[in-house]
Amino acid sequence: RKEVEQDPGPFNVPEGATVAFNCTYSNSASQSFFWYRQDCRKEPKLLMSVYSSGNEDGRFTAQLNRASQYISLLIRDSKLSDSATYLCVVYAGGTSYGKLTFGQGTILTVHP
Amino acid sequence: DGGITQSPKYLFRKEGQNVTLSCEQNLNHDAMYWYRQDPGQGLRLIYYSQIVNDFQKGDIAEGYSVSREKKESFPLTVTSAQKNPTAFYLCASSNPRPNGYTFGSGTRLTVV
């Protein structure tokens, strides 16, 4: 089983749609969680951290369920500029000191 | 402005050649990382370093070597032993308890 698993998609949605991505992780001791965005042929960039209580940043809402080892990202009112690959990222801590583990990414295409 | 600089942006390697990818950061981060990304796949960790003169193998270290002689620099050598080196290589840095990584803009290596 992969340490971090995502539905690779692709997700094709019209502008204005709401779309949700899911991610599961295998290490129950994982400490920190992130969503990254990667544009085509570019480096990943941090979109938002994910907190246990859930957190929101504009149109983006992240949720964490530690009991189910599940992370989600909700994008409301999708824009064309949201088209990208979204990476679920986990920090396990402990012997993985400093090391982040990346999911394979979920591709989102927003069309007019 | 602080950041990570990777060079070159594009690199072509002949079969049997060793090549070195440069990564320099001025963020005063202790930890640095090298990841490889293949098309349609997530990031896989090659090597990482938490302090100067120390580094650890990641998940796919075979055919690669690194050094960490200075805090700012973490070069990656792709040796002739790496059988399938064509990929997008990303360097990143972080503090020991990462609140996300800062990535360089990547190097695309192609074997010709």
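The structure under discussion appears in the preceding block.
Because the structure is predicted, anything quoted here is derived from the model rather than measured.

The rules behind these values
Residues numbered from 1 in each chain as written. Chains lettered and ligands numbered in written order. Predicted model: local features only at pLDDT ≥ 70, side-chain atom pairs only at ≥ 80, totals over all residues. Heavy atoms only, no water. Contact = heavy atoms within 4.5 Å. Buried area = accessible area lost by both parts, 1.4 Å probe. Salt bridge = Lys/Arg side-chain N within 4 Å of Asp/Glu carboxyl O. Polar contact = N/O pair within 3.5 Å; in protein donor to acceptor, adjacent residues only side chain to side chain. Pairing = 2+ DSSP bridges. Helix = DSSP H or I, 4+ residues; strand = E, 2+ residues; numbered from the N terminus. Axes fitted to C-alpha atoms, helices over the stretch in contact; angles between N-to-C directions. Disulfide = S-S within 2.5 Å.

Student: Help me understand the interface of chain B and chain A in this model?
Tutor: Accessible area lost upon the coming together of the parts is a frequently used measure of interface size. Each partner contributes residues to the interface: chain B has 23 residues there, and chain A has 21 residues. Summing the contributions of chain B and of chain A, the shared interface buries around 1900 Å²; its carbon and sulfur component is 52%. In this assembly, chain B and chain A are joined by zero salt bridges. Scanning the region where chain B abuts chain A turns up four residue pairs in polar contact (both at pLDDT 80 or more).

Student: Help me understand the sheet that holds strand β7 (residues 64-66) of chain B, please; the structure alone is not making it clear to me.
Tutor: All names here are of chain B. Across the sheet, which stays open at both edges, the four strands sit in the order β1-β3-β8-β7 with antiparallel pairing between neighbours. Every interior strand has two partners, whereas the edge strands, β1 (4-7) and β7, have only one. Sheet twist, expressed as the mean angle between neighbouring strand axes with direction ignored, is 20 degrees. Relative to strand β8 (residues 76-78), β7 runs antiparallel, the two sharing three bridges. In the strand pairing of β8, V66 is matched with L76.

Student: What am I meant to see in the state of the cysteines here?
Tutor: Chemically, a disulfide is nothing more than a covalent bond linking the sulfur atoms of two cysteines. Residue and element names in this part refer to chain A. The tally for this structure, following the rule as stated, stands at two disulfides over all chains. In this model, C23 is linked to C88 through a disulfide, with the two sulfur atoms separated by 2.0 Å. Its torsion about the S-S bond being -75 degrees, the disulfide of C23 and C88 is classed as left-handed. Here C23 is found in strand β3 (residues 19-25), whereas its partner C88 is found in strand β9 (residues 84-91), with 65 residues between them in sequence.

Student: Would you take a moment to explain unusual backbone geometry for this structure?
Tutor: Of all residues except glycine, most have a negative phi; of all peptide bonds, most are trans. A cis amide bond, omega 5 degrees, links G9 of chain A with the succeeding residue P10 of chain A. Within the secondary structure, P10 of chain A sits in the loop between β1 (4-6) and β2 (11-14). A cis amide bond links S7 of chain B with the next residue in sequence, P8 of chain B, at an omega value of -5 degrees. A positive phi angle is found at R41 of chain A, which is not glycine, with a value near 65 degrees.

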